[in-house]
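A closer look at the structure
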There are 2 protein chains.
Amino acid sequence: MSVAHNLSASISSSSSAFLVPTDFNSTTFRPRNVPVPAKSFRICKCVAAPQEQKTAYKTKVSRNENMAKLQAGYLFPEVARRRAAHLQKYPDAKVISLGIGDTTEPIPEVITSAMANRSHALSTLEGYSGYGAEQGEKALRAAIASTFYKNFGIEDDDIFVSDGAKCDISRLQVMFGSNVTMAVQDPSYPAYVDSSVILGQTGLFQKDVEKYGKIEYMRCTPENGFFPHLSTVQRTDIIFFCSPNNPTGAAATREQLTQLVQFAKDNGTIIVYDSAYALYMSDDNPRSIFEIPGAKEVAIETSSFSKYAGFTGVRLGWTVVPKQLLFADGFPVAKDFNRIVSTCFNGASNIAQAGALACLSPDGLKAVYEVIGFYKENTKIIVDTFNSLGFKVYGGKNGPYVWVHFPGRSSWEVFSEILEKTHVVTTPGSGFGPGGEGFVRVSAFGHRENILEACRRFRELYR
Amino acid sequence: MSVAHNLSASISSSSSAFLVPTDFNSTTFRPRNVPVPAKSFRICKCVAAPQEQKTAYKTKVSRNENMAKLQAGYLFPEVARRRAAHLQKYPDAKVISLGIGDTTEPIPEVITSAMANRSHALSTLEGYSGYGAEQGEKALRAAIASTFYKNFGIEDDDIFVSDGAKCDISRLQVMFGSNVTMAVQDPSYPAYVDSSVILGQTGLFQKDVEKYGKIEYMRCTPENGFFPHLSTVQRTDIIFFCSPNNPTGAAATREQLTQLVQFAKDNGTIIVYDSAYALYMSDDNPRSIFEIPGAKEVAIETSSFSKYAGFTGVRLGWTVVPKQLLFADGFPVAKDFNRIVSTCFNGASNIAQAGALACLSPDGLKAVYEVIGFYKENTKIIVDTFNSLGFKVYGGKNGPYVWVHFPGRSSWEVFSEILEKTHVVTTPGSGFGPGGEGFVRVSAFGHRENILEACRRFRELYR
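Under an unreviewed UniProt entry, the name given to chain A is LL-diaminopimelate aminotransferase, chloroplastic, and the source organism is Ziziphus jujuba. On record in UniProt, under Cofactor (unreviewed entry), the comment for chain A is "pyridoxal 5'-phosphate".

Under the criterion given, the structure shown has 58 aromatic pairs over all chains. Note on Tyr375(A) and Phe445(A): the rings are 4.7 Å apart at their centroids and 75° apart in plane angle, and the pair reads as edge-to-face. With a gap of 70 residues between them, Tyr375(A) in helix α12 (residues 362–388) and Phe445(A) in the loop between β15 (439–443) and α14 (448–462) connect regions that are remote in the sequence. In terms of burial, Tyr375(A) and Phe445(A) fall into one category: buried. Ring geometry for Phe386(B) against Phe458(B): centres 4.9 Å apart, planes inclined by 40°, an arrangement best described as tilted. With Phe386(B) in helix α12 (residues 362–388) and Phe458(B) in helix α14 (residues 448–462), this residue pair connects regions lying 72 residues apart in the sequence. Of the residues examined, Phe386(B) reaches a relative accessible area of 0% and is grouped as buried. Here Phe458(B) falls in the buried class, since its relative accessible area comes to 0%. Here the aromatic cluster, defined as three or more aromatic residues joined through ring pairs, consists of Phe148(A), Tyr149(A), Phe290(A), Phe305(A), Tyr308(A), Phe311(A) and Trp318(A). Here the basic side chain of Arg141(A) rests over the ring of Phe160(A), its NZ or CZ set 5.8 Å away from the ring centre.

Let's shift gears to the sheet that holds strand β14 (residues 427–428) of chain A. Residue and element names in this part refer to chain A. The four strands are arranged β11-β12-β15-β14 in an open sheet whose pairing can be described as antiparallel. The sheet is open, and its two edges are formed by β11 (393–395) and β14, each paired on a single side. Alignment of strand β12 (residues 401–405) against β15, held across five bridges, turns out to be antiparallel. Looking at β15, one finds that Trp403 is bridged to Arg441.

All names here are of chain B. One way to put it is that helix α3 (residues 75–89) packs onto helix α13 (residues 411–422) with a least axis distance of 11 Å and a crossing angle of 35°. Classified by chirality, the crossing of α13 by α3 is right-handed. Mapping the contact onto sequence places Leu75, Glu78, Val79, Arg82, His86 and Lys89 in α3 and Trp412, Phe415, Ser416, Leu419 and Glu420 in α13. Tallied by class, residues from the contact of α3 with α13 come to five nonpolar, two polar and four charged.

Listed under "domain: Aminotransferase class I/classII large" (unreviewed entry) in the UniProt record, and renumbered for this structure, are residues 94–458 of chain A. In residues 94–458 of chain A, the share of helix is 37% and the share of strand is 16%. The end C-alpha atoms are 14 Å apart.

This part is about the sheet that holds strand β2 (residues 159–162) of chain A. Residues and elements named next belong to chain A. Spatially, β2-β10-β9-β8-β7-β3-β6 is the arrangement adopted by the seven strands of the open sheet, whose pairing is mixed. Each end of this open sheet is capped by a strand with a single partner; those strands are β2 and β6 (215–219). Each adjacent strand pair in this sheet contributes to an overall mean axis angle of 20°, direction not counted. Alignment of strand β9 (residues 299–304) against strand β10 (residues 317–320), held across four bridges, turns out to be antiparallel. When the sheet's bridge partners are listed, Thr302 is paired in β10 with Thr319. Docked against the sheet, helix α7 (residues 190–198) engages β3 (182–186), β6, β7 (238–242) and β8 (270–274), running at close to 150° with respect to β3.

Conventions and cut-offs
Residues numbered from 1 in each chain as written. Chains lettered and ligands numbered in written order. Predicted model: local features only at pLDDT ≥ 70, side-chain atom pairs only at ≥ 80, totals over all residues. Heavy atoms only, no water. UniProt positions renumbered as here; feature names shortened; annotations may be inferred. Phe/Tyr/Trp six-rings, centres within 6.5 Å; stacked < 30°, edge-to-face > 60°. Helix = DSSP H or I, 4+ residues; strand = E, 2+ residues; numbered from the N terminus. Buried < 20%, exposed > 50% of the residue type's maximum accessible area, 1.4 Å probe, protein only. Lys NZ or Arg CZ within 6 Å of the ring centre and 35° of its normal. Pairing = 2+ DSSP bridges. Axes fitted to C-alpha atoms, helices over the stretch in contact; angles between N-to-C directions. Left-handed = near helix turned anticlockwise from the far one by under 90°. Contact = heavy atoms within 4.5 Å. Nonpolar A, V, L, I, M, F, W, Y, C, P; charged D, E, K, R; others polar.

This is the structure:
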């Protein structure tokens, strides 16, 4: 629906939100601190007719000041907006999206059949089910525990099934509340920082350093092998740590994770470990933080079927909160998280849970590994391409993201250059934090012909 | 999984959470202020072996003080816990659950077929889709707008599709933040109050009045026809208002809702209107707050397919945030809500969305109304039963809940009496707020033979 359409509709209503001086479009809001490409497509601003100039009614509810701290639209909708604007400018361009890490390959039939069967069953008396446990179906919790955490001492009831890791990150933040401090890898998946801002854990955005106050940014660069110098990291209550990392693709080694757990233990810190890409690992690094002895006392782990089984749209993830993890007063963290999922959530879709259970069957797992193998081949093609062009390339081996270095250049500038000249959408590294400046993330999620074509265009642009 | 099992497992791990003096079980926590039935089943408390007596490791992260304010387990898990304990005590009892409002009838095939088809399509190149818009698929947003809000000036992009109204209530609370004040109907669906407590909007629980500080409880009793005396209601930033009401079943009239909107307008208040039971209405009352002129400037509406199409387990709801609704500084509320759904959520399951779209097709709607009609017949059976026994009964006509008055008695006591003597699970009215004391809510969601059998047992107990 175009803005022009919105405006004509609002003219017939009793007030006009378009007197508010913002580019308001419910899907893609323009952020305030992202440079506008000089030639980008802009929808013309219509001037409201004179009879509309009366002041719009405002409630007396103050806007949440934490929301106002957010500096830009969430990264990926902004990338999508740039893509849409590019398509408006070049309607005939064959745009290839290697930006948002969105899966493209069909879900293996053994999994979709299970979901279809569950759907059909819901129209039978025997197969119908209403509200499930907010924590997930027992069989699925058990299958997740035995598939991913066997021998690590994680029990079925430590697993909380959800509609995705991103959603769980916010629920964890709601549980922690406003008074905790947090650290993130820099760069990192923006949901950690943004949810922290929303919950009021941070100070204002400091434009000079491109950081929010009170967040500890743990620099992860080629210089330190993408693992933070923990000796220089200030103590925080929470550490968000993603390995294999989004966006850098770097995976922490067993030694590094052992250091991290020890660091958390020394500081009484809780690690929120995001292992959403664990099955992409080629090296022999831990696939779960719970492989590290003692981690159950300091760590939560969140993960997802999104990148394993193409469930980005189906929505199914999980979070592990071991009962050994205690707040300072001895209260079990899992007990509060259970209260959060019971109060703020109502369980993942039963159909999606049936799909997840099928993923963990022998045939399902085999199919899942095939899809992952396909994306890993894509990754290799992209890595080889940039390597052959003389770029320093990171990631790729243990995760589905390739982290390409453009030293001395602005990420958004490179993003725009690539988009303008090759019609390929990437993600600007600085969108993941100031440590990502000078990098661009290329996602390996795509049909093979698109990956090959994108690489052909990259070679043409940068040869 | 039993506590005993948990204990044996934890003995082999490096620490024991069971040194913490709580009945910790991830599914059903014992709340602290709910009286324990004298004869209720208790799992025996094992004493940890001596070598386990070392102090468990505790992090230095302070527990969120708002979580600590919560007085009991979320109501419905507590009811489920009582049900489970009853079943342990009477393993052969044929327990009938008219407690949590959980749908029991199969989903019409026209809807499940659409979900099965979407599932199958996900394993094809043409039918696969990954991340969808966080706000929902365009076709579904359009169908919701035209089915439920035609002629009310609600546009497609005012609709935010979600995984359920309960989840949206929490997301709205996250958006509002800690500094707003709120009012609720008393009694009301406990998710409003509990999410408000979690977000830090309230004071401590005041045991003498059974209320949280800083929440305005708007008494809704037979004396005021279940509509609050607005002249005695203190101004708050937010008013949660559910009509047809859960638990009382009362529906506000057009005149009452016009008063409510005017009250909000005078006070600059935002109404969060929960219309999850709107299609159960028999009387000619508004089915949406947006039927009231001017409501778009003061109201949000949240609703769900749960009780319309048996989607309690499928998970699909929506929230309407009109672009005319502005914070005090003129900032559109929808813009912040869009940021919340983009950051803290990732869209509802695409399969569930396909089901919702099918619900709104001509055949789907017809089937939905048939299911609703069935539950309405159940309601009448329950109402007639309690009426014939001489009870004062409310609700039932416009909602799927029957609100039975037991003057002078404690709700939990009546709940226990009914459970003990009839093996029927109901919900104690006081679980919905102090205004619900002396009432019991009987849900009309059930197979017909169960409803008839429950009513037979009620007649036996109370004749």
